[in-house]
Amino acid sequence: MLDPDIRDNAELNRYELPVGGEVAVVTYNLSPPNLMITETLVPERLEGQGIASRLAKHVLADARARDLLILPVCPFFSAYLQKHPEYADVVHPTYRGLLGI
């Protein structure tokens, strides 16, 4: 399910979630059918509130809806996918093997 508070800022190649006057982001490079996730950034004062996970869920749902395959270069995203193998179908087959999902 897509999160209505998160927007895909395609001009800056990032998903954005504004929280308390700051913005958490997931940066990407899009080359259909692949969506390379390069970085997840959450402002320090917002850490520990599940914001990065919220972004990850949204990005994965969006990729699934758009028939894109995730290439998780970002360490957070790779770790998230290892903990949530239910998203394996959205991950590029090469990365599935690397992540063991």
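Cut-offs and rules
Residues numbered from 1 in each chain as written. Predicted model: local features only at pLDDT ≥ 70, side-chain atom pairs only at ≥ 80, totals over all residues. Heavy atoms only, no water. Helix = DSSP H or I, 4+ residues; strand = E, 2+ residues; numbered from the N terminus. Rg over C-alpha atoms; globule rule 2.2 N^0.38 Å. Buried < 20%, exposed > 50% of the residue type's maximum accessible area, 1.4 Å probe, protein only. Contact = heavy atoms within 4.5 Å. Areas by Shrake-Rupley, 256 points an atom, 1.4 Å probe, with all protein chains shown as cover. Phe/Tyr/Trp six-rings, centres within 6.5 Å; stacked < 30°, edge-to-face > 60°. Pairing = 2+ DSSP bridges.

### Regarding the overall build of the chain
Secondary structure summary: the chain contains three helices and five strands in total. For the chain, the α and β elements follow one another from N to C terminus as β-β-β-β-α-β-α-α. A globule of 101 residues ought to have a C-alpha radius of gyration of about 13 Å, and the chain, at 13 Å, matches this closely. Per-residue burial over the chain gives 41% buried out of 101 residues. Within the chain, counting contacts between residues at least 6 apart in sequence, those at least 24 apart form 42% of the total. In the form shown here, the chain has an accessible surface area of approximately 5600 Å², with 52% of it arising from carbon and sulfur atoms.

### Comments concerning the packing of aromatic side chains
For the structure shown, the criterion picks out three aromatic pairs. Considering the side-chain rings of Tyr15 and Tyr28, the 5.3 Å spacing of their centres and the 50° angle between planes classify their relative orientation as tilted. Highlighted residues: Tyr15 in strand S2 (residues 14-19) and Tyr28 in strand S3 (residues 22-31), separated in sequence by 13 residues. No difference in accessibility class separates Tyr15 from Tyr28, as the two residues are buried. Measuring from centroid to centroid gives 6.3 Å for Tyr80 and Tyr87, while their planes differ by 35°, and the two rings are tilted. Assigned by exposure class, Tyr80 and Tyr87 land together as buried. Among the aromatic side chains, those forming a connected cluster through ring pairs are Phe76, Tyr80 and Tyr87.

### A short note on the pairing of S2
Note: strand S1 (residues 7-9) against S2, three bridges, orientation antiparallel. Counted as the bridge partner of Asn9 is Arg14 from S2. In textbook terms, the turn of a hairpin is the stretch between consecutive antiparallel strands, and for S1 and S2 this stretch comprises four residues, one of which, Asn13, has a positive phi near 55°. The pairing of S2 with S3 spans six bridges and is classified as antiparallel. Note that in S3 the partner of Val19 across the bridge is Glu22.

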